Amino acid sequence: MLNEEGVKCTNEVFGTTLDVVPTMFVELQGSDVSRVEEQWRTLVRIAKGSLKQTYAGDGDKLDELWDARRGCYIAASKYRKLVADKEGVPRAGPPIDNVLLTDVCVPLSELADVVDATETDFKVANVPCVMCCHISDGNFHCCVPYNATGAPREIGHVQELEERLIERALQRRGTVSGEHGVGIGKREFIVREHGDAHIGVQKSIKKAMDPTSLLNPGKVLFEENASNTSNSRL
C-alpha cells in the first residue's frame, strides 16, 4: 500500500499517473487467466467501498503499478527538491535528500488508527510522510526525507517523529521492527517493548557465547565493552 503522499511522491518523481489517494496493491496468482480473473472479481466485491479498482492485465501495466510501490524510497529522496522546483520556491540543500526508513509493525486491528495518527503527526510537523506498507501483516514504512548536511535541527525533528511513531506502535501492542531489525538505533526501544528481565536474559546468552563482543559489537543489545555507543541511525 502507498498512502496519499506516497502516491503523489511517486507520480512526481517517476511520472506515474496513479490517482492521488491511498492505494492498495494486490498481486494475484493462478494456474490460468480465468482463475486470476475470478480472484479479481472476488477482490472487487470485498473492496466495494473503495473509490476505484484497476486491473493490470498485462506486464506493462503491472510493472507501472509495482514500480510506483518499489520506488518509494528513491522517490522520497528526490521529492522535496522536485516540488520546490515545480513551485518555483528556492530551496537550500542537496538535490537528493537522505531518507530515514521507519519499520514499525502493529496488529491489523490497530493498523488504520496508527497510520492515521502518524500521518496527522507528520502533517502538523510539516514533514513529508511517504508511507509504503506490507499491509497484510501490519508492517509499514515511512520514508522520511531529511538533509543530513548542515541541518542539525531537521535531523532532531525527524528523530522525534520516529520516536513518537515507535511509542505509538508500542502502545498499540506493536513492535519496534517488523522487518529491518534493531541495529543500534532501536536498542533502547526494545527494552521498552520486552522489559529489562527479557533483555537481561538475551544479554546473558550473548555474553556466554561471545564474552569479548566480537559478534556485531553493540548491535541490538547495549554491551559494556562494545565500542559502538551511539543511538542514532541518522
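Scope of this entry: the structure provided in the associated data block. (Residues numbered from 1 in each chain as written. Predicted model: local features only at pLDDT ≥ 70, side-chain atom pairs only at ≥ 80, totals over all residues. Heavy atoms only, no water.)

**Description of the overall build of the protein**
If you tally the helices and strands in the protein, you get 8 helices and 3 strands. Going from the N terminus to the C terminus, the protein shows its helices and strands as α-α-α-α-β-α-β-β-α-α-α. Across the 234 residues that make up the protein, the buried fraction comes to 38%. Relative to all contacts within the protein whose residues are 6 or more apart in sequence, the contacts with residues 24 or more apart total 62%. With an accessible surface of roughly 13500 Å², the protein has 53% of that area assigned to carbon and sulfur atoms. Of the side chains in the protein, 28 bear a positive and 35 a negative charge, and the two mean positions are spaced by 2 Å. (Helix = DSSP H or I, 4+ residues; strand = E, 2+ residues; numbered from the N terminus. Buried < 20%, exposed > 50% of the residue type's maximum accessible area, 1.4 Å probe, protein only. Contact = heavy atoms within 4.5 Å. Areas by Shrake-Rupley, 256 points an atom, 1.4 Å probe, with all protein chains shown as cover. Lys, Arg positive; Asp, Glu negative; His and termini not counted. Charge placed at Lys NZ, Arg CZ, Asp CG, Glu CD.)

**Considering a nonpolar patch on the surface**
Taken together, the side chains of F14, Y73 and I74 present a nonpolar region at the surface, about 290 Å² in accessible area. The exposure class of Y73 is partly exposed, given its relative accessible area of 40%. (Patch = residues over 30% accessible without salt bridge, like charges linked within 9 Å, V, L, I, M, F, W, Y side chains within 5 Å. Salt bridge = Lys/Arg side-chain N within 4 Å of Asp/Glu carboxyl O.)

**Looking at the environment of G57**
Of note, G57 is situated in the loop between helix 2 (33-46) and helix 3 (59-70). The spatial distance from the C-alpha of G57 to the C-alpha of F25 is 14 Å, given a sequence separation of 32 residues.

**Concerning the layout of surface pockets**
Roughly 1100 Å³ of volume is contained in the largest pocket. Lining of the largest pocket is provided by 32 residues; of these, T23, M24, W40, Q53 and T54 occupy positions nearest its centre. When contributions to the lining of the largest pocket are tallied by element, the ones reaching two or more residues are helix 2 and helix 3. Take the lining of the largest pocket: its biggest share by element is 6 residues, from helix 3. Each residue belonging to the lining of the largest pocket can be placed in one class, and the counts come to 19 nonpolar, 7 polar and 6 charged. Its boundaries defined by the atoms lining it, the second largest pocket holds a volume of some 330 Å³. (1 Å grid on protein atoms, 1.4 Å probe; cavity = no way out; pocket = protein on both sides within 12 Å on 5 of 7 lines; lining within 4 Å. Points joined across faces, edges and corners; volume = space filled by probe spheres on them. Nonpolar A, V, L, I, M, F, W, Y, C, P; charged D, E, K, R; others polar.)

**Looking at the environment of V127**
Within the element layout of this structure, V127 appears in the loop between helix 5 (108-125) and strand 2 (130-134). When its relative accessible area of 12% is taken as the criterion, V127 is described as buried.

**A closer look at the sheet that holds strand 2**
Reading across the sheet, the 3 strands line up as 1-3-2 and stay open at both edges, with antiparallel pairing between neighbours. Strands with a single pairing partner mark the edges of an open sheet, and in this sheet they are strand 1 (98-101) and strand 2. Here the strands of the sheet are splayed against their neighbours by 25° on average, with no regard to which way each runs. Pairing of strand 1 with strand 3 (residues 139-146) involves 4 bridges; the strand directions are antiparallel. (Pairing = 2+ DSSP bridges. Axes fitted to C-alpha atoms, helices over the stretch in contact; angles between N-to-C directions.)

**Side note on the packing of helix 7 (residues 187-194) against helix 8 (residues 196-209)**
Interaxial distance between helix 7 and helix 8 falls to 7 Å at its minimum, and their mutual angle equals 120°. If you check the angle between helix 7 and helix 8, you find them oblique. Across the interface between the two elements, I190, V191 and H194 from helix 7 touch D196, H198 and I199 from helix 8. Grouping the constituent residues of the contact of helix 7 with helix 8 by class yields 3 nonpolar, 2 polar and 1 charged. (Parallel < 35°, antiparallel > 145°, perpendicular 65-115°, else oblique.)

**As for unusual backbone geometry**
The phi torsion at R173 lies on the positive side, around 65°, for a residue other than glycine. Topologically, R173 is positioned in the loop between helix 6 (152-171) and helix 7. For R173, a relative accessible area of 59% translates into the label exposed. We note that N216 has phi near 45°; this positive angle belongs to a residue other than glycine. With respect to the helices and strands, N216 occurs in the segment after helix 8.

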